[in-house]
Amino acid sequence: QLFLNDETVILYDLTDQILTTASVHQGNVSPPPWLTSSDSNRTEILRQASLVGEWLHRRDYRGTASVDFHVTFRRKQVEIRVCEVNARVTGATYPALLAHHFTPGGAWLMRNIRFDPPVSSSSILRSLRQSGLLFATGETSGVIPINFNNLSDGSIAKGQFLCLAPSLDETAELLSRAQSHLPPNDTSDRD
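Only a predicted model underlies this, so the values are computations on that prediction, with no experimental measurement involved. (Residues numbered from 1 in each chain as written. Predicted model: local features only at pLDDT ≥ 70, side-chain atom pairs only at ≥ 80, totals over all residues. Heavy atoms only, no water.)

Caption draft 1: Structural context of the layout of surface pockets. For the largest pocket, the calculated volume is near 990 Å³. Taken together, 44 residues line the largest pocket, and the ones lying closest to its centre are Leu-14, Thr-15, Asp-16, Gln-17 and Val-67. Only strand 3 (16–19), strand 4 (25–30), helix 1 (40–58), strand 5 (63–74), strand 6 (77–86), helix 2 (93–102) and strand 7 (107–119) provide two or more residues apiece to the lining of the largest pocket. At six residues, strand 5 tops the list of elements feeding residues into the lining of the largest pocket. When grouped by side-chain class, the residues that make up the lining of the largest pocket number 20 nonpolar, 17 polar and seven charged. (1 Å grid on protein atoms, 1.4 Å probe; cavity = no way out; pocket = protein on both sides within 12 Å on 5 of 7 lines; lining within 4 Å. Points joined across faces, edges and corners; volume = space filled by probe spheres on them. Helix = DSSP H or I, 4+ residues; strand = E, 2+ residues; numbered from the N terminus. Nonpolar A, V, L, I, M, F, W, Y, C, P; charged D, E, K, R; others polar.)

Encoded structure:
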C-alpha cells in the first residue's frame, strides 16, 4: 500500500493476498505470514515498491496506490517481480487504514464470508456483540464488519470481516471464533 502526496511517497503497509488454489482472491492479511521483519525478501519488496512509487510520482500521480508482486520460491531461491501497479484504492486499502488507526503495530486479517441463507445485518452485529468479538475503540483485538453485500430485500448475502489483534495467530483465532458465532455461513468466499 502506497500513498503519494505532493512531497513524497509513503510506503504504508505490506499485505498478502489470500488466494484459493485457483488463484481466486478471498481476503488479505498483514503482515504477510511468510515474511519476517528482518527478511531480505521484505527489503527487496520495499525497494521495488519504492521504485514504482517514485515512477508514479514523477508522472504527477497523487493518491493511493498498491503494487502487486509475484513471488516464486524455486530451488531454495526467491524471485520477486512487480506484476501489477494499481494507481487507485484497492480492496486492501480500507482494511489497512482501519488496522493502522485502531491497532497500530498489530496484525490484521480480512476475509469474505457468505451467508446461506442470507441474514439481517442486525443479526450479524448482535452475534458479534453478544460473543464479545465486536471490536470497540480502545481494545487491542476484535472483529469489524467493513462491508455487506445486500440483496434486494435488504438481507446480507456476504460480508467482509476485518479481524484486528496483536499477532497473526490471534487474528486467525478471532476469525474462527466469529464464524462459530455468526449465523450459518460458508468459511470464506471470493471478492
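Caption draft 2: Region of interest: helix 3 (residues 121–130). Taken together, the buried positions of helix 3 are Ser-123, Ile-124, Ser-127 and Leu-128. For helix 3, the arc enclosing every buried residue in end-on projection is 130°, short of the 170-degree limit, so these residues lie on one face. Counted as exposed and oriented over 90 degrees from the buried face of helix 3: Arg-129 and Gln-130. Elements that come into contact with the buried residues of helix 3 comprise strand 7, strand 8 (142–150), strand 9 (156–165) and helix 4 (168–181). (Buried < 20%, exposed > 50% of the residue type's maximum accessible area, 1.4 Å probe, protein only. Arc of directions from axis to C-beta. Contact = heavy atoms within 4.5 Å.)

Caption draft 3: Quick peek at the sheet that holds strand 5. One open sheet holds the four strands; their spatial order is 2-1-5-6, and the pairing between them is antiparallel. Edge positions in the open sheet fall to strand 2 (9–11) and strand 6, since each of these has one partner strand only. Across the sheet, the mean angle separating the axes of adjacent strands is 25° when strand polarity is ignored. Two strands pair when backbone bridges link them, and strand 5 and strand 6 are joined in this way by nine bridges, in the antiparallel orientation. From the neighbouring strand, Val-71 faces strand 6, where its bridge partner is Ile-80. (Pairing = 2+ DSSP bridges. Axes fitted to C-alpha atoms, helices over the stretch in contact; angles between N-to-C directions.)

Caption draft 4: Representation of the sheet that holds strand 3. Spatially, 3-4-7-9-8 is the arrangement adopted by the five strands of the open sheet, whose pairing is antiparallel. Either end of the sheet is taken by a strand with one partner, and the two such strands are strand 3 and strand 8. Averaged over neighbouring strand pairs, the angle between their axes works out to 25° when direction is ignored. In terms of strand pairing, strand 8 meets strand 9 through eight bridges, oriented antiparallel. Opposite Ile-144, over in strand 9, you have Leu-162 as the bridge partner.

Caption draft 5: Geometry of the environment of Gln-17. With respect to the helices and strands, the residue Gln-17 is situated in strand 3. Between the C-alpha atoms of Gln-17 and Ser-30, which are 13 residues apart in sequence, the distance is 9.0 Å. Setting aside chain neighbours within four positions, we find Gln-17 in contact with His-25, Gly-27, Asn-28 and Asp-68.

Caption draft 6: Fine view of the pairing of strand 5. Sheet topology places strand 1 (residues 2–4) next to strand 5; three bridges connect them, and they run antiparallel. Note that in strand 5 the partner of Leu-4 across the bridge is Gly-63.

Caption draft 7: Region of the structure containing the nonpolar core. The biggest cluster of nonpolar side chains holds 18 residues, and the ones touching the most others in it are Phe-115, Ile-124, Leu-128, Val-143, Phe-161 and Leu-182. Among the secondary structure elements, those contributing two or more residues to this core are strand 7, helix 3, strand 9 and helix 4. Leu-182 has contacts with Ile-113, Phe-115, Ile-124, Ser-127, Leu-128 and Phe-161, leaving out every residue within four places of it along the chain. Of all hydrophobic cores here, the second largest spans twelve residues; its members include Leu-2, Leu-14, Ala-65 and Ile-80. (Core = buried A, V, L, I, M, F, W, Y, C linked by side-chain atoms within 4.5 Å.)

Caption draft 8: Summary view of the environment of Ile-10. Along the polypeptide, Ile-10 turns up in strand 2. Under the relative-accessibility criterion, Ile-10 is labelled partly exposed at 36%. For the pair Ile-10 and Ser-38, spaced 28 residues apart in the sequence, the C-alpha separation amounts to 20 Å. Setting aside its immediate chain neighbours within four residues, Ile-10 contacts Gln-1, Leu-2, Phe-3 and Asn-5.

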